[in-house]
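A look at the structure
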Amino acid sequence: MIVGGISVVAAVVVGVTQFKNSHANQKVLQTMMMSEPVTMNPVMTTNIYSGQAQDQVYESFYRYDGYKIVPAMAEQIVKPSENNTVYTFKIRPNARWSNGDQVTAQDFITAIQKMADPKTKSQASADGIAVMKNYDAVHKGTLPPDQIGAQALDQHTVQITLAKPVPWFNQLATTILPVDTKKYQLWGDKYGTASNYMVTNSAYQMIGWTGTNTSFTFEKNPYYWHADHVRIAKVKTRVIKTPMTAAGEFKNQHLDIAQLSDNYIATYKKQSDYHAVPQAIVRGLYFNETASKTNNQNLRQAFGYLINRNEITQSVMKDGSLPQSNAVPQGVMKNTTTGKDFTDDAGVQFSVNKKKAEESWAAYLKETGQHDVNLSMTFDNDLTSKAVGEYIQYTAEHIFPGLTVNTKYEPHNQVVSDVLKQNFDLVNIGLSVSIADASFPLKIGQTGYGLNFSKVSDPTYDQLLTQANDTVTDPAKRYQLLQAANKYFTQTKAYMVPIYQSITANVVAKRVGGFQANAFHTANYQDMYWQ
């Protein structure tokens, strides 16, 4: 997550493997990731690759066991008080960091205050903890960090006070990760930059990570409070960016779980060891709203009508991803009255329409006084993203007169860095959420939001979100406001041009049991076992 509930992502999965022959007796899981972690400091996490690794080594008050939320650092699932705004957690007395230090209430408070402090420049604060009392004032610098609604009542008791009750707090409580206060003060900015500057409080330690290398190991944390539950003692992880390599390794029985894409899905889709889970992420095109040539509604709508989402997902990607024209992923929220999915009620915001695309493009040229336009488009450098980029480039240059598209394919970490610096014209990126509420993916266009990629600032849109999140108490009315916000963001203004909802497609060898992944959380190694 990963950003307090959100993370910047590309389609990715963690795989599990066991080498044959001489390695088999060692019982070492060999795992894969699609890209390197950027940071292991939970205060600073902004992308899914870091979040996937952190899922294995850090633990919040609660954690996911499949789709079920269970106690983790907290002794039990707590009932809120004070009109559902106050949550009081008792930290397990046997909760320890991997160096033997006790996990204390202050460790959670240190992390929360650091995320909220504007001096930290943490993107993680942009999401879930914003619901805590006094967050806005703290994040704006008008109140000190110790005034946020979180305090340590004693060594083992954390009390969190919300600005208002929310129905999804238990999900948020799976994402608030502590830091070892003593080590955080000792290491400062180095905290979580390499294995030598890490201590962990979950099932594993991260060994051999330098901060830039592409292979490392997760080894069982002997101080973990639930160590008896951990049946896999060692997990070796390497970065594999090519789906063909992963499929080949699985076929040769060198991988126990492999990520699939392209035609490999067709090969395994009907087999019992195939697992596909839609991710809580919509990827699309974002436009740099701080630049005059891309801050244009006609331009955005031209691309909205240009893109054939069905063709991209079925003929270009061929990895099971779902065509999507809404900012909210399928499966994230349901109608409180009918039970229908949010996206079913929302309908289609843009359908491919060549005539309307050409009309919008002509209006853009006339409005800006241009005849020849050069636009850069930034994509991740994995094979699927390259295929999508080539398709959009070819289509746009053939439909829009005078347009030249310069495609840039970069490592995901570099794409994230460029986006945060506004170093792009158009970028294909997505926002993964770990809380099942439409307000979270829709925050991406809110003024001042840390992961507002395009730097959108629209009072009308802000008002819709403010009413939904802060003013309206009736669930049905709130749902309608969120629907209105989605339509305004993706159709009326087209600040985002959604394209597809990613899935994770895996094949799992029969000798690996306990693999459980959901749309909001990585499969945990601690739940896996040899069959």
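Structure first, text after, so check above.
Scope of this entry: the structure provided in the associated data block. (Residues numbered from 1 in each chain as written. Predicted model: local features only at pLDDT ≥ 70, side-chain atom pairs only at ≥ 80, totals over all residues. Heavy atoms only, no water.)

F61, F89 and I160 are the most contacted members of the largest nonpolar core, which totals 124 residues. Of the residues forming this core, the biggest block, seven residues, is contributed by helix α2 (residues 105-116). If near-sequence neighbours (up to four positions away) are discounted, I160 is found in contact with F61, T85, V86, Y87, F89, I112, M132, G149, A150, F169 and I176. The next biggest cluster of nonpolar side chains, apart from the first, holds 30 residues, and it includes L306, M377, I399 and L426. (Core = buried A, V, L, I, M, F, W, Y, C linked by side-chain atoms within 4.5 Å. Buried < 20%, exposed > 50% of the residue type's maximum accessible area, 1.4 Å probe, protein only. Helix = DSSP H or I, 4+ residues; strand = E, 2+ residues; numbered from the N terminus. Contact = heavy atoms within 4.5 Å.)

Right, let's get into the layout of surface pockets. In this structure, the largest pocket occupies an estimated 1,400 Å³ of space. Listed by contribution, the elements that provide at least two residues to the lining of the largest pocket are α3 (135-140), α14 (439-442), α15 (459-471) and α16 (475-492). It is α15 that contributes the most residues to the lining of the largest pocket, seven residues altogether. One number sums up the size of the second largest pocket: a volume of about 500 Å³. (1 Å grid on protein atoms, 1.4 Å probe; cavity = no way out; pocket = protein on both sides within 12 Å on 5 of 7 lines; lining within 4 Å. Points joined across faces, edges and corners; volume = space filled by probe spheres on them.)

The element strand β2 (residues 28-33) is largely enclosed, with a buried count of six among its six residues. Residues of β2 alternate between two faces, with V28, Q30 and M32 on one and L29, T31 and M33 on the opposite face, all of them buried. In this structure, β2 lies alongside strand β10 (residues 234-239), joined through six bridges in parallel fashion. The residue of β10 that forms the bridge with V28 is K234. (Pairing = 2+ DSSP bridges.)

This part covers the sheet that holds strand β8 (residues 204-207). Consider a sheet: its strands pair through backbone hydrogen bonds, and that pairing is either parallel or antiparallel. Sheet architecture is open: four strands sit in the order β2-β10-β9-β8, paired in mixed fashion. The sheet is open, and its two edges are formed by β2 and β8, each paired on a single side. Neighbouring strand axes in the sheet, compared pairwise and without regard to direction, differ in orientation by 25° on average. In this sheet, strand β9 (residues 215-220) lies alongside β8 in antiparallel orientation, the contact comprising four bridges. Residue pairing for β9: I207 is matched across the bridge by T217. Strands in contact with helix α1 (residues 48-57) are β2, β8 and β9; relative to β8, the strand with the most contacts, it is inclined by about 130°. (Axes fitted to C-alpha atoms, helices over the stretch in contact; angles between N-to-C directions.)

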